[in-house]
Every structure is written in C-alpha cells, then in structure tokens.
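Residue-level structure breakdown
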Amino acid sequence: MTTPNVSARPAFETGKWDVDASGYAWLAACLVGYASIVLAISGRTFGSLFIQYLHTLTEHLPQVLGPICVIGLLFRIRAHDVSSSLQFLRHRLPLLGFAIGGMLLALTAYTTVKILIPDVVPFYADEWAARFDARLHGGVPWQWAHSVWPDSWSSALMLAYGKIWFAYWIATPLYVVLWLRPDLARQYLWAFLLTLIICGNVLALMFSSFGPIYYDHFIADPQFEGLQASLKSLDGSESVLIYANYLLGSHENGDNAFGTGISAIPSMHVAVVVLNAWLFSQVNRIAGTLAWAFALLIQFGSVYTGWHYAIDGYLSAIVVTAIWAGVQRVDRSAWSWSRQRQARA
C-alpha cells in the first residue's frame, strides 16, 4: 500500500480561475444605476433601509462567512494543498468585497421599491390570481397542500421556508464568488441582480398583490377563511404568523423596516431557489439534484404557508429560467468577443 503524495497535489492554478475585474464593469454600472434611480425616487426610505441592512450585514456576516470559508477550503483541500487553497481564497477576497457591497445596495434598492408598490400600483391582482389558481389546479392549492403534508412535519417545512431559505439566499452569492469559476460567478451575480429587478420589482409592480395569507384582511371572500385557522393549529407556524403581522403592521403604519413590503406575484422565494438550482446544476450532479429538490420544497412551502398562490412560483420559475439562459448566452458571447478583440490588439 502506497502513501499519497500530498506534495504532488496541484498548486494554485491560473487561467480559467483568474478573476478579470474588467468583466464586472458593466455589472457594477448597472448596480449603481439601479440603486441611484431608487435613491432618487425615495431617498428617505432608501437611506433608512441602507443603514438597517448595513447594521444587519455587519452583525451577521462573520457567522455566514465562517462556514462558507471552512466548507470551501475542505472541498478544495481534497484536490489541492493547504497553502495553494489559502492563496486561492486570498485571490478571491476583492471579488468578495464587491459582492458584499453589491448585495447591500441591491437589497436596499429592492426592498425600497417593494415597500412602495401599493402606493404606486394599489393591490388589484389577487381576485383573478385566486380564481385562476383554483381553476388551474381543480381546487384551492393550499387545502391540498395541508391535506398531503403531515402535521408533524410542519415545523420542518416552516424552518426550511424561513431561516434555511434566508441563509441559502444570502450565503450562495458569497460562496459563488469565493469558490466557483469566475465565469459562473459573473453570470450568477448578473442573474441575481436581474432577478431582484425583474421579478422583485418590475413584475411585482405589474401584478400588485398581497397573497392568500392576507386575503381575508383585504377582501371579504370566504375562499381563504380557513387558512389562518389551519396555520394556527400547526407546530412551528408562529414564525409565519408573527412575520405576517409584522409585514402587515409595517404596511399599515408606513414603517420603513428591515425586510418589509408586501408582494405576492411573483414569488421571490421560488425565484431564488430556481436560480440557485440552475447554478448548482452546472457545478455537479449531486449539488444540482439537491438544489432542485429544495426548489420543489420551497414551491410547496410557498403554498402551504399561504404566502403565495401556486402560480406565483410557476411564473418565477419561468422568468428566472429565461434570465439565467439569457445571461449565460450574452456573457459567453461578450467574453468571446472581448478575447478575440484582445488577441487582435
């Protein structure tokens, strides 16, 4: 039996893993433009939210970055020595800083617009969305969801839809810029920003809606009258009901608070997990399979918790798939053209 030659492991490689800062120039310009427009529209809201998000990131970022660095190093050390793996990590730190700053601006702008939605376009889409949802599925989807999911598993589903989803949303961009190929990192950051703008702002404005969990509050219709009672009877539902009251109170009081704004169509929960599923499908088969399984769980959970109509998630999946495909095609074409231009120079 021979002993593995650890010193023969590949050292820090260049080439396809190098980060070209010029490749992020247009992304940075788009991000700054987006934030500037939102700041001009509602500077007070933007400023208040920016401070809150900055405080939250400062407080919790070490808790997120620590596991990301450790997990990434453990995977990388399997094929590379420790020294080259640490060198690789240091090489990616400027891109990490760009991603953190970009997320701060993007999430602040996204939340600012989300809060403003009912002032710009009053809620109107829920009645037809509920009718279409029921006709498409031959009944009310939330009732079916509650009938097939065991009550004893409700806490696990609430946890996955809440805290685990949020950690997954925030951690994925940071993991991507630290450990994945630069082309995938660049494409993902573009798709992440476009998903916030198109799904989280543009389509949310076009289909201004509050979702099933607030149906009884805004519309005198018995279609969802049993949803609240059913949720209250489930273990682990306190987090959903408390957050629902928090959002509603912020909406009615006009508060510019962290993570607020009411919007149902399309589902950002589903948009995020579908985007991540497309990303991890290009990493390896196991990561892709797990990511798609989680995406299906979140789609189910969005209906089960009452935050969304089922069609909200379908729309998100379609739009995000188009965004991911479009970003990859444009990025590859632009990168190829840039390389050809440099070769001729």
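This text follows the structure it describes.
Computed from a predicted model, the values in this text were never measured in an experiment.

**A look at empty space enclosed by the protein**
- Evaluation of the coordinates by the stated rule reveals two cavities of 30 Å³ or more.
- Of the voids in this model, the largest cavity is the one considered here, and its volume is about 120 Å³.
- If you trace the largest cavity, you find it lined by Leu27, Leu31, Phe98, Ala99, Gly102, Met103, Ala106, Pro173, Leu189, Phe192 and Leu193.
- Of the residues forming the lining of the largest cavity, the biggest block, five residues, is contributed by helix 3 (residues 82-120).
- Within this model, the second largest cavity holds a volume of roughly 60 Å³.
- Taken together, 13 residues form the lining of the second largest cavity, with Asp133, Pro141, Trp142, Phe224 and Tyr309 sitting closest to its centre.
- Of all the secondary-structure elements, those providing two or more residues to the lining of the second largest cavity are helix 4 (126-137) and helix 5 (141-148).
- The element contributing the most residues to the lining of the second largest cavity is helix 4, with three residues.
- Of the residues that constitute the lining of the second largest cavity, the class distribution is ten nonpolar, two polar and one charged.

**What about the layout of surface pockets?**
- One number sums up the size of the largest pocket: a volume of about 1100 Å³.
- Elements supplying a minimum of two residues to the lining of the largest pocket: helix 3, helix 6 (154-179), helix 7 (182-206), helix 10 (238-253) and helix 11 (268-281).
- Element by element, the count of residues in the lining of the largest pocket is highest for helix 6, at ten residues.
- Along the lines of polarity and charge, the residues of the lining of the largest pocket split into 25 nonpolar, twelve polar and two charged.

**Examining the pattern of salt bridges**
- Taken as a whole, this structure holds two salt bridges when the rule is applied.
- The salt bridge partner of Asp183 is Arg181, with a shortest N-O separation of 2.9 Å.
- Assessed through its relative accessible area of 25%, Arg181 is described here as partly exposed.
- In this structure, Asp331 engages Arg186 in a salt bridge whose closest nitrogen and oxygen atoms are separated by 2.7 Å. Taken together, the positions of Asp331 in helix 13 (residues 310-344) and Arg186 in helix 7 put the pair 145 residues apart, joining distant regions of the chain. With respect to burial, Asp331 and Arg186 carry one shared label: buried.

**With respect to helix 11**
- Taking 1.5 Å of rise per residue, 14 residues should cover 20 Å, and helix 11 covers 20 Å from first to last C-alpha, within 8% of that figure.
- Across the 14 residues of helix 11, twelve count as buried, placing the element largely inside the fold.
- The complete set of buried residues in helix 11 reads Met268, His269, Val270, Ala271, Val272, Val273, Val274, Leu275, Asn276, Ala277, Leu279 and Phe280.
- Two or three places before His269, at the opening of helix 11, Ser267 has a side-chain oxygen 3.4 Å from that residue's backbone nitrogen.

**Considerations on the side chain of Ser267**
- Tracing the backbone shows Ser267 in the loop between helix 10 and helix 11.
- Here Ser267 is in contact with His308, Asp312, Gly313 and Ser316, once residues within four sequence places are set aside.

**Some remarks on helix 1 (residues 25-41)**
- The end-to-end C-alpha separation of helix 1 is 24 Å, in line with the 24 Å expected for 17 residues at 1.5 Å each.
- Turning to helix 1, its buried residues number three or more, namely Leu27, Leu31, Tyr34, Ala35 and Val38. For helix 1, the angular spread of the buried residues around the axis is 90 degrees, confining them to a single face. When the buried face of helix 1 is taken as reference, the exposed residues oriented beyond 90 degrees from it are Trp26, Ile37 and Ala40.
- Looking at the buried residues of helix 1, the elements they touch are helix 2 (43-77), helix 3 and helix 7.

About the cut-offs
Per chain, residues are indexed from 1 in the order of the written sequence. Only residues with pLDDT of 70 or above have their local features reported here, since the model is predicted, and side-chain atom pairs are shown and tallied only from 80 upward, although totals for entire chains, interfaces and linings are computed over all residues. The side-chain figures draw on all heavy atoms in the structure; neither hydrogens nor water molecules are used. Definitions used throughout: a 1 Å grid over protein atoms alone; a cavity as a set of points that fits a 1.4 Å probe which cannot get out; a pocket as an open set with protein on both sides within 12 Å along at least five of seven lines; a lining residue as one with an atom within 4 Å of a point. Grid points are joined across faces, edges and corners, and a volume is the space filled by probe spheres set on the points. In DSSP terms, a helix is any run of H or I states spanning at least four residues, a strand is any run of E spanning at least two, and both are numbered starting from the N terminus. Three classes are used, and their members are as follows: Ala, Val, Leu, Ile, Met, Phe, Trp, Tyr, Cys and Pro are nonpolar, Asp, Glu, Lys and Arg are charged, and the others, Gly among them, are polar. Should a side-chain nitrogen of Lys or Arg be within 4 Å of a carboxyl oxygen of Asp or Glu, the pair is scored as a salt bridge. Three exposure classes are used, based on accessible area relative to the maximum for each residue type with a 1.4 Å probe and protein chains only: buried under 20%, partly exposed in between, and exposed over 50%. Helix span, expected: 1.5 Å multiplied by one less than the number of residues in the helix. Residues adjacent in sequence count toward polar contacts only when both atoms are side-chain atoms; beyond that, a polar contact is any pair of N or O atoms within 3.5 Å, and within protein one must be able to donate a hydrogen and the other to accept it. By the convention used here, residues are in contact when the closest approach between their heavy atoms is within 4.5 Å. For this quantity, the arc is that covered by the directions from the helix axis to the C-beta atoms.

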